[in-house]
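Take a look at the letters that make up each chain.
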Amino acid sequence: MTNELADMRFLTVAEVAEMMRVSKMTVYRLVHSGDLPAIRFGRSFRVPESAVQAAVHNHVADTA
């Protein structure tokens, strides 16, 4: 399990917003609604990069 965690990349809300081309507030809404999994460190959130890729893929698949 330690190796899995070492391979996992976490992104800030600002990085996720830039990747998805949405506002930071939209990312916060997705996190708070549970649509985008995130881990809270103190007062900030970190989102696994794989979760962002899965969310984008699922959304594209739903609209296609």
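Please refer to the structure placed before this passage.
We now turn to the structure provided with this report. None of these values were measured; they are calculated from a predicted model. (Residues numbered from 1 in each chain as written. Predicted model: local features only at pLDDT ≥ 70, side-chain atom pairs only at ≥ 80, totals over all residues. Heavy atoms only, no water.)

Here we look at the pattern of salt bridges
Counted only if it meets this: Whenever Lys or Arg places a side-chain nitrogen within 4 Å of a carboxyl oxygen from Asp or Glu, that contact is recorded as a salt bridge. Each helix is a run of DSSP H or I of at least 4 residues and each strand a run of E of at least 2, with the numbering of both proceeding from the N terminus.
Counting across every chain of the model gives one salt bridge. Glutamate 49 is paired through a salt bridge with arginine 9; the nearest N and O atoms lie 3.2 Å apart. Of this pair, glutamate 49 sits in helix α4 (residues 49-63) while arginine 9 sits in the loop between α1 (2-7) and β1 (10-11), and the two are 40 residues apart along the sequence.

Considering the packing of helix α2 (residues 13-20) against helix α3 (residues 24-33)
Rules: Angles run from 0 to 180 degrees between N-to-C directions of axes, and those axes are lines fitted to C-alpha atoms, restricted for helices to the stretch in contact. We call two directions roughly parallel when the angle between them is under 35 degrees, roughly antiparallel when it is over 145, roughly perpendicular when it lies between 65 and 115, and oblique otherwise. Any two residues whose heavy atoms approach within 4.5 Å at even a single point are treated as in contact. Polar here means any residue outside two lists: the nonpolar Ala, Val, Leu, Ile, Met, Phe, Trp, Tyr, Cys and Pro, and the charged Asp, Glu, Lys and Arg; Gly therefore counts as polar.
At their nearest, the axes of α2 and α3 sit 8 Å apart, and the two run at 105° to each other. When the interaxial angle is binned, α2 and α3 end up roughly perpendicular. Contacts between α2 and α3 involve Val13, Ala14, Val16, Ala17 and Met20 on the former and, on the latter, Lys24, Val27, Tyr28 and Leu30. Grouping the amino acids of the contact of α2 with α3 by side-chain chemistry returns eight nonpolar, no polar and one charged.

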